[in-house]
Amino acid sequence: MASPRITAGSDQFELVGIVEGEVLVIYLDRFASNEPLTDATIEVTINGTTHKAEAQSNGTYEVTTPALKQPGSLEVVADIRHGETTDLLVGSLTIPSPAAATAARASGWRGIVTRVQQEVSTVRPTMLVAGAPLLLGLLIGLGFRSRPKLVIGISAIAFLVMATTLSFAHEGHDHGGAPASTQGNAPHRRPDGSIFLPKPTQRLLEVRTEIVAPQEASPTVRFAGRIIANPNRSGQVQGTIGGRISTAGNGLPRLGQSVRAGEVLAFVQPSFLPVDAATLQQTEGDLEQQIALYRSRLERQRVLVERNAIPRQSLEETEIQLRGLERRRTELRQSKVVPEPLTAPVDGVVAEVRVSIGQVVSPADILFQVIDPRSLWVEALVFDQINPGDIRTATARLPDGQVLTLKLVGRSRSLQQQSTLLQFEIENAPSSLDIGTPISVIAETGRKLTSIVLPRASVTQAPNGQSVVFQHRDAEVFVPRPVRMEPLDAERVLITGGIETGERIVIRSAPLINQVR
């Protein structure tokens, strides 16, 4: 049996009082939002006697009076003051008599047990009817093989007894029915589909509501995308020679490590195939031979210059050619032993490490990727859902529900698999984003509509698959309302039918209310 309670409301406050013995526990909320008010001043008048409600640590108020234990109807007036707002709420409270309370409790499980006992004591002959099928099956199973004629005779007699007993049943008696048990103060779904959710449970679930009204909004289109690095704030690290990876002194950079542009990440120690090594050796031999020839020519030209046999210009040209050959020889020898440094192209963090110490790499291999996590983009493919030129604003929702604000930075002018490629910049990108994360992009067009806008979390799915919202019809009663909707952005939906202006609709904890059975 539900506890005696009083409900009263105005356009400012909503009050629910629940009687617990001699104590009236008061729950005071804002009418529009269902937000608890825990710092109000309440004076309660019960049958002409005024009491001040004492605030409790759990956010309720209590009034203690022996009048709450006297059966009958009590007139209750609550004078409420909260800040500069005052209001007067009036209601009635019915205290049942002990006999009525006992009868109500008997309608529950105890009443069912009592009725069953009465039925057993007054209708014992019917037990034969209930047990006859079981007895008949047992006899048939045990004796049909040995004495089939006897079994057939017993079966016929049992059938006649069942028929005779049923024919003497009194007209109008229904021994299989039982009164429906009441749920009392527990949350439960009523036969008409409405949900009784007591105020203590509403406080526990943090249920919040909103008085809906039409708003001007732009319809949106949803399409798939993924997070990519900003091409101007990221880069890949590759070597220009083939060789073996070695460290820069402190080991290879770890994933997520911050680096600066130009910082050495690793070295590539040159390594050559036997064919390449032979070619280098042959080239070095040719250079040695040419250097020897030019040195000999240079000695002869110096003697001739001293004798004024040739101009000094010829001597200088030979010296220049000799120095060039020697420089080529030095570079060739260094190419065998001098490692190539691999440096970070931009400031950022290491997003990929594709090498290990001692690994042999080629010039085409991507060894590291460095990105700036504060500057990320979103890449999305759009088919014919929307004209890319009509996009005004866009948002994105991550798999964990986090919402990102996007800014359109570019679009492709050539179709890719019959779709247009769009790129968005993430404004104030959180540091937890990962490259390649799939996301859902919601783009807003310039078209305007006037309709009811609700948070996406206020819409839930009924057991029959319909999209529903919950109307806060009474203080402790919520009614599911089927609705038609369109996505508005990552956090809101556009309600195109099913509810009316001025209704109180749940905007938080709707899925939890939907689970009440």
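Quantities reported herein were computed from a predicted structural model and do not represent experimental measurements.

## Regarding the overall build of the protein chain
Then comes step 1: Assigned secondary structure in the protein chain consists of eight helices and 34 strands.
Then comes step 2: Across the 517 residues of the protein chain, 38% fall into the buried class.
Then comes step 3: Restricting to contacts in the protein chain with at least 6 residues of sequence separation, those with at least 24 account for 70%.

## A few points about the pattern of salt bridges
Then comes step 1: A full pass over the atoms with the stated rule returns 18 salt bridges.
Then comes step 2: Salt-bridge contacts for aspartate 347 lead to arginine 260; the nearest nitrogen and oxygen are separated by 3.7 Å. Linking aspartate 347 in the loop between β19 (340-343) and β20 (348-353) with arginine 260 in the loop between β17 (258-259) and β18 (264-270), this pair joins segments that are 87 residues apart in sequence.
Then comes step 3: In this structure aspartate 347 comes out as partly exposed when scored by relative accessible area, which is 35%.
Then comes step 4: Judged by its relative accessible area of 56%, arginine 260 falls in the exposed class.
Then comes step 5: A salt bridge links glutamate 319 to arginine 302; the shortest N-O distance between them is 3.9 Å. Of this pair, glutamate 319 sits in helix α7 (residues 312-337) while arginine 302 sits in helix α6 (residues 274-306), and the two are 17 residues apart along the sequence.
Then comes step 6: On the basis of relative accessible area, glutamate 319 is assigned to the partly exposed category, the value being 24%.

## Some details on the pairing of strand β14 (residues 220-229)
Then comes step 1: Extensive coverage of β14 is indicated by the burial of seven of its 10 residues.
Then comes step 2: Sheet topology note: the β14/strand β27 (residues 438-444) ladder contains seven bridges and is antiparallel. Looking at the pairing, arginine 222 lines up with isoleucine 442 of β27.
Then comes step 3: Direction of pairing for β14 relative to strand β23 (residues 376-382): antiparallel, over a ladder of five bridges.

## Some thoughts on the sheet that holds strand β21 (residues 360-361)
Then comes step 1: Spatially, the four strands line up as an open sheet ordered β19-β18-β16-β21, and their pairing is antiparallel. Looking at which strands have only one partner, the edges of the open sheet turn out to be β19 and β21.
Then comes step 2: By the bridge criterion, four bridges tie strand β16 (residues 243-246) to β18 in an arrangement that is antiparallel. Bridged to glycine 243 within β18 is proline 270.

## Points about unusual backbone geometry
Then comes step 1: One non-glycine residue, asparagine 428, lies in the positive phi region at around 55°.
Then comes step 2: Classification of asparagine 428 as exposed rests on a relative accessible area of 77%.
Then comes step 3: Even without a glycine there, the phi angle at serine 509 is positive, about 75°.
Then comes step 4: Within the secondary structure layout, serine 509 lies in the loop between β34 (504-508) and α8 (510-514).

## Concerning the packing of aromatic side chains
Then comes step 1: Counted under the stated rule, the structure contains zero aromatic pairs.
Then comes step 2: One residue, arginine 297, lies across the ring of tyrosine 294, its end atom 4.8 Å from the ring centre.

## A closer look at the side chain of asparagine 34
Then comes step 1: When you line up the elements, asparagine 34 lands in the loop between β3 (23-30) and β4 (41-46).
Then comes step 2: One polar contact links asparagine 34 to glutamine 202, side chain to side chain, over a distance of 3.2 Å.
Then comes step 3: Look past the residues within four positions of asparagine 34 in its chain and what remains in contact with it is Glu14, Asp29, Lys199, Gln202, Val207, Arg208, Thr209 and His472.

## Observations concerning the environment of threonine 496
Then comes step 1: Counting through the fold element by element, threonine 496 comes out in strand β33 (residues 492-497).
Then comes step 2: Classification of threonine 496 by relative accessible area gives partly exposed; the value is 37%.
Then comes step 3: When the C-alpha atoms of threonine 496 and isoleucine 452 are compared, they prove to be 7.2 Å apart, with 44 residues separating the residues in sequence.
Then comes step 4: Setting aside its immediate chain neighbours within four residues, threonine 496 contacts Ser451, Arg484, Met485 and Glu486.

## Let's talk about the sheet that holds strand β22 (residues 368-371)
Then comes step 1: Overall, antiparallel pairing links the four strands, which are arranged β15-β22-β20-β17 in an open sheet. Looking along the sheet, the strands with just one partner apiece sit at the ends: β15 (234-237) and β17.
Then comes step 2: Strand direction decides the pairing type here: β15 and β22, joined by four bridges, are antiparallel. Its bridge partner lying in β22, valine 237 is registered against phenylalanine 368.

## Some thoughts on the side chain of arginine 504
Then comes step 1: Tracing the backbone shows arginine 504 in strand β34.
Then comes step 2: Owing to a relative accessible area of 5%, arginine 504 belongs among the buried residues under this scheme.
Then comes step 3: Polar contacts involving the side chain of arginine 504 include one to the side chain of glutamate 14, which spans 3.0 Å.
Then comes step 4: Once residues within four sequence positions are removed from consideration, arginine 504 is found in contact with Glu14, Phe31, Ala32, Thr209, Glu210, Ile211, Phe470, Gln471, His472, Arg473 and Asp474.

The rules behind each value
Residues numbered from 1 in each chain as written. Predicted model: local features only at pLDDT ≥ 70, side-chain atom pairs only at ≥ 80, totals over all residues. Heavy atoms only, no water. Helix = DSSP H or I, 4+ residues; strand = E, 2+ residues; numbered from the N terminus. Buried < 20%, exposed > 50% of the residue type's maximum accessible area, 1.4 Å probe, protein only. Contact = heavy atoms within 4.5 Å. Salt bridge = Lys/Arg side-chain N within 4 Å of Asp/Glu carboxyl O. Pairing = 2+ DSSP bridges. Phe/Tyr/Trp six-rings, centres within 6.5 Å; stacked < 30°, edge-to-face > 60°. Lys NZ or Arg CZ within 6 Å of the ring centre and 35° of its normal. Polar contact = N/O pair within 3.5 Å; in protein donor to acceptor, adjacent residues only side chain to side chain.

By themselves, these are just geometric observations and shouldn't be taken as functional.
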